Amino acid sequence: MGKRFWQHPSVQKAAIWLLRAYLAFALKTTRWRLVGEASTTTILAGAPVIAAFWHEVLPLMPALRWRSAGRLKVLISRHRDGQIIANVVRGLGIEVVHGSTARGAKSRGGAAGLRRLLALLAAGEQVVITPDGPRGPRRRAAPGVAQLAALSGVPIMPCAAMTRPRITLPSWDRMVLPLPFGRGVIVCAETIRVARDGAEAALPAIEAALTAAAEAARRACG
C-alpha cells in the first residue's frame, strides 16, 4: 500500500511541488559568496560554456543560474530518478535537456543528448552537465563531457557549491540539500579546453578539476 501511495501521480506531483518550493526558499534565503570571479566572466556575460559539477550538488546549483546572464540548460537522464530531478529544477529557472553522458556518443541516448547540447552551444547557449549522473559511480566522469567540449570547441568550467547548515542524503552520490537562512559558496574554477582529438586524454584532468572544486567549496563553507 505504501509503495503504491508514493507512486500515485497526484502524490508525486505534490511532492515535487513541495520540494521545488522548499529548494527555492532555502536557496534564496542563503547568503551566497562567489569564489573564482575571474573564471566566471564567461558565464556572467552569457557566453557559451559547459558548466560541469558532480551530481551531489545539483540541488544547490540553481544559485549559479541566478548569477548567469543566460538561461542554463541542464542535461538530465530520462531515468525515473532523473525525471523527478528534472521536474524539480525546471521550476527554478533551469531548462531541462533530456539525455545522458553515461556512455557519450556510443549509446543512442548519449548520442541524442550530445547532438542536442552541441546545437545549443552552437547557438550561443550555456549548458550544464553532471558527469557522474544519473547513477554513478560517484565522482567518476563519463566520457560525454569531454566529447562535448572536444566537438564544440567550448570550454568546460568546473563548478561546485556548498551550504551550511545542510543535509547530506544517504544516496549513492551523498546529495546535499540546503537548510534555510544559511551561508553558501559557489566555486567556479579555471576553464578547461579540450582538443578536437583529445577527449579521452582530457578526462582525468576534468575529473580532478571537478573534485578540486567540490573540495574547495566544502572547505570554504565548512
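Here goes a summary of the coordinates provided. Sequence order as written defines the numbering, with residues in each chain counted from 1. Two thresholds apply to this predicted model, a pLDDT of at least 70 for residue-level local features and 80 or more for giving and counting side-chain atom pairs, whereas whole-chain, interface and lining totals are computed over all residues. Side-chain calculation: all heavy atoms of the structure are included, whereas hydrogens and water are not.

The next thing to look at is the nonpolar core. The definition of a nonpolar core used throughout is a set of buried Ala, Val, Leu, Ile, Met, Phe, Trp, Tyr and Cys residues joined through side-chain atoms within 4.5 Å. With a 1.4 Å probe rolled over the protein chains alone, any residue whose accessible area is under 20% of its type maximum counts as buried; one over 50% counts as exposed, and the rest are partly exposed. In this structure, Ile50, Ile156 and Ile206 are the most contacted members of the largest nonpolar core, which totals 62 residues. Numbering of helices and strands runs from the N terminus; a helix is a DSSP stretch of H or I covering at least four residues, while a strand is a stretch of E covering at least two. Looking at this core element by element, the count peaks at 10 residues for helix H8 (residues 199–221). Contacts: residue pairs with any heavy atoms within 4.5 Å of one another. Beyond its immediate sequence surroundings of up to four residues, Ile156 is in contact with Ile50, Ala52, Val145, Ala149, Glu190, Thr191, Ile192, Val194 and Ile206. In terms of nonpolar packing, the next biggest core, distinct from the first, is built from six residues, Ile16, Ala24, Leu92 and Leu177 among them.

A word on the packing of aromatic side chains. What characterises a pair of aromatic rings is the spacing of the ring centres plus the angle enclosed by the ring planes. Two rings from Phe, Tyr or Trp (for Trp, the six-membered ring) form a pair when their centres are within 6.5 Å of each other. A pair whose planes differ by under 30 degrees is stacked, one over 60 is edge-to-face, and the rest are tilted. Inspection of the entire model under this criterion finds one aromatic pair. Ring centres of Phe25 and Phe181 lie 5.5 Å apart, and the angle between their planes is 85 degrees; on these two criteria the pair is classed as edge-to-face. Of this pair, Phe25 sits in helix H2 (residues 9–28) while Phe181 sits in strand E7 (residues 176–188); the two residues are 156 residues apart in sequence, bridging distant segments of the chain. We classify Phe181 as exposed; its relative accessible area is 57%.

On to the packing of helix H7 (residues 144–152) against H8, then. The axes used here are C-alpha line fits, helices contributing only the stretch in contact, and every angle between their N-to-C directions lies in the interval 0 to 180 degrees. Two elements in contact, H7 and H8, have axes whose closest approach is 9 Å; the angle formed by their N-to-C orientations is 120 degrees. Considering the angle they form, H7 stands oblique to H8. At the point where H7 passes H8, the crossing takes the right-handed sense. Each of Val145, Ala146, Gln147 and Ala150 in H7 lies in contact with H8, whose residues at this interface are Ala199, Leu203 and Ile206. Should an angle fall under 35 degrees it is called roughly parallel, over 145 degrees roughly antiparallel, and 65 to 115 degrees roughly perpendicular, with every other angle called oblique. Helix crossings are classified by the rotation of the near helix relative to the far one: an anticlockwise turn of less than a right angle makes the crossing left-handed, while a clockwise turn makes it right-handed.

As a further point, take empty space enclosed by the protein. The gaps of empty space that remain are located by a probe, the size of a water molecule, rolled over the atoms. Definitions used for this entry: grid spacing 1 Å over protein atoms alone; cavity, a set of points where a 1.4 Å probe fits but cannot get out; pocket, an open set with protein on both sides within 12 Å along at least 5 of 7 lines; lining residue, one with an atom within 4 Å of a point. Grid points are joined across faces, edges and corners, and a volume is the space filled by probe spheres set on the points. According to the stated counting rule, one finds two cavities of 30 Å³ or more in the structure shown. The volume enclosed by the second largest cavity comes to roughly 60 Å³. Taken together, Phe53, Leu58, Met61, Pro62, Leu64, Leu72, Val74, Ile94 and Val128 make up the lining of the second largest cavity. Here the lining of the second largest cavity is composed, by residue class, of nine nonpolar, no polar and no charged. Any residue outside Ala, Val, Leu, Ile, Met, Phe, Trp, Tyr, Cys, Pro, Asp, Glu, Lys and Arg is labelled polar, Gly included; the first ten of those are nonpolar and the last four are charged.

Sheet strands pair via backbone hydrogen bonds, and the direction of the pair is either parallel or antiparallel. Within the open sheet, the seven strands sit side by side as E1-E7-E6-E2-E5-E3-E4. Their pairing is mixed. A strand with exactly one partner marks an edge of an open sheet, and here the two such strands are strand E1 (31–35) and strand E4 (95–98). Going from strand to strand, the sheet's axes swing by 25 degrees on average, the running direction of each strand aside. Each pair of strands is called paired provided DSSP finds at least two bridges between the two strands. Looking at chain direction, E1 and E7 are connected through five bridges and run parallel. Looking at the pairing, Arg33 lines up with Val185 of E7. The strands touched by H7 within the sheet are strand E2 (49–52), strand E5 (126–129) and strand E6 (156–168), with E2 carrying the most contacts at an inclination of about 170 degrees.

This next bit is on the pairing of E2. Judged by which residues are buried, E2 turns out to be covered on both faces: Val49 and Ala51 on one side and Ile50 and Ala52 on the other are all buried. Alignment of E2 against E6, held across three bridges, turns out to be parallel. In the strand pairing of E6, Ala51 is matched with Met157.

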